[in-house]
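One-letter residues, chain by chain:
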Amino acid sequence: MMNSLQTIPVLIFATGLTVHSPHLRAAFSVPEIVSIAQASNNLPVVKSAGLSPDMDVPWSKPVKIIDPFEGEFVGVFDRNTLGSSLYHEGSKQIISLWTRSSIRVLVTINSARAESFFYTAGVVYPRPDYLKFVTTRKVTKLLIKVGQQVFKLDGSDGTFAVSKELATALKNAPDKNLDIRLLLEGGQTVDSKIGKGTVKAWQSVY
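Keep in mind it's a predicted model, so treat the numbers as computed, not measured. (Residues numbered from 1 in each chain as written. Predicted model: local features only at pLDDT ≥ 70, side-chain atom pairs only at ≥ 80, totals over all residues. Heavy atoms only, no water.)

## A look at the overall build of the chain
Here's step 1: When you go through the chain residue by residue, the secondary structure sums to four helices and 14 strands.
Here's step 2: Buried residues in the chain amount to 38% of all 206 residues.
Here's step 3: Residue pairs in contact within the chain that sit at least 24 positions apart in sequence constitute 54% of those at least 6 positions apart.
Here's step 4: Accessible surface, the chain: about 11,600 Å² in total, of which carbon and sulfur atoms supply 56%. (Helix = DSSP H or I, 4+ residues; strand = E, 2+ residues; numbered from the N terminus. Buried < 20%, exposed > 50% of the residue type's maximum accessible area, 1.4 Å probe, protein only. Contact = heavy atoms within 4.5 Å. Areas by Shrake-Rupley, 256 points an atom, 1.4 Å probe, with all protein chains shown as cover.)

Here it is in structure tokens:
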């Protein structure tokens, strides 16, 4: 069994792919799916649904995802950094992908270790040749607050199914930042926000 706390170099991509289950798609009617497909023709194209710490995608905008394993669908990627900066040691990065059938979440924690030191005027300084690591954490529960409603989702490997009720709430969410809470394996909670740009993009996804 793999440890839920895995350390990987920044240059290594974490795919985080999960196959869409047919029963998730069944929650939506054929006309709705056709309408979404037609609307996606003019959207930017992203060639993978995988999440990774250093991914380069249009953030907080509707995109058409063409994944070699999962097919074509519309989604929006969101990223929020908790800490003084993205590269600050100990800072957390919350990356998520919101699609019609599921929400995927990746939590990373930045850390660094100096490999050597040098001395100047009696003071010890770390050398610039230090190693940076990104530690990923497993998300077991996702809480989303939309207005006065709180949706509590149980997931598997950071993936959470979207019910029709939740899809409707997200589509009609007020155009402002939205609060979410992540429960990590081991009991730790991380509170974060979804920016209003992503919230507005939900109207094209749901």
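## Structural notes on the pattern of salt bridges
Here's step 1: Taken as a whole and judged by the stated rule, the model has six salt bridges.
Here's step 2: As a salt-bridge pair, Glu70 and Arg104 come within 2.4 Å of each other at their nearest N and O atoms. Placement of Glu70 in the loop between strand E3 (62-67) and strand E4 (71-82) and of Arg104 in strand E6 (residues 102-114) is noted, with a sequence separation of 34 residues between them. Here Glu70 and Arg104 have matching classes, each one buried. (Salt bridge = Lys/Arg side-chain N within 4 Å of Asp/Glu carboxyl O.)

## Brief notes about the environment of Pro58
Here's step 1: Checked against the element boundaries, Pro58 lands in the loop between strand E2 (45-46) and E3.
Here's step 2: Expressed as a C-alpha distance, the spacing of Pro58 and Val45, which sit 13 residues apart in the sequence, is 9.2 Å.
Here's step 3: The contact partners of Pro58, leaving out residues within four places of it in the chain, are Pro44, Val46, Val63 and Phe77.

## Looking at helix H3 (residues 164-171)
Structurally, the α-helix is built with 3.6 residues per turn, so residues lying three or four positions apart point the same way.
Here's step 1: Buried within H3 are the following residues: Leu166, Ala167, Ala169 and Leu170. In a view along the axis of H3, the buried residues occupy a sector of 165°, so they form one face of it. (Arc of directions from axis to C-beta.)

## Some remarks on helix H4 (residues 196-205)
Here's step 1: Buried residues of H4: Thr198, Val199, Ala201, Trp202 and Val205, and no others. Looking down the long axis of H4, one finds its buried residues gathered within 160° of arc, a one-sided arrangement.

## Here's the deal with the packing of aromatic side chains
Here's step 1: Within this structure, the stated rule accounts for two aromatic pairs.
Here's step 2: A ring pair is formed by Trp59 and Phe77, whose centres lie 6.5 Å apart and whose planes are at 85°; its orientation type is edge-to-face. A residue pair is termed long-range when its members are at least 10 positions apart, and Trp59 in the loop between E2 and E3 and Phe77 in strand E4 qualify at 18 residues. The residues Trp59 and Phe77 share a single accessibility class, namely buried.
Here's step 3: Between Trp98 and Trp202, the ring centres sit 4.8 Å apart and the planes meet at 50°, which makes this aromatic pair tilted. (Phe/Tyr/Trp six-rings, centres within 6.5 Å; stacked < 30°, edge-to-face > 60°.)

## Some remarks on the sheet that holds strand E11 (residues 149-154)
Here's step 1: The sheet built from four strands is open, its strands ordered E11-E10-E13-E14 with antiparallel pairing. Of all strands in the sheet, those bounded by a partner on one side alone are E11 and strand E14 (189-194). Neighbour-to-neighbour, the strand axes of this sheet turn through a mean angle of 20°, independent of strand direction.
Here's step 2: Examined bridge by bridge, strand E10 (residues 139-146) and strand E13 (residues 178-184) share five bridges and lie antiparallel to one another. Residue pairing for E13: Ile144 is matched across the bridge by Ile180.
Here's step 3: Sitting on the sheet, H3 is in contact with E10 and E11, with an inclination near 135° to E11.
Here's step 4: Its contacts with the sheet put H4 on E13 and E14, and the angle it makes with E14 is roughly 70°. (Pairing = 2+ DSSP bridges. Axes fitted to C-alpha atoms, helices over the stretch in contact; angles between N-to-C directions.)

## Some details on the nonpolar core
It is characteristic of soluble globular proteins that their nonpolar side chains tend to be buried jointly.
Here's step 1: By size, the foremost hydrophobic cluster in this structure holds 31 residues, and its most contacted members are Ile103, Ile144, Leu182 and Trp202.
Here's step 2: Core analysis: the next-biggest nonpolar cluster, separate from the first, contains 13 residues, Trp59, Val63, Phe73 and Ile95 among them. (Core = buried A, V, L, I, M, F, W, Y, C linked by side-chain atoms within 4.5 Å.)

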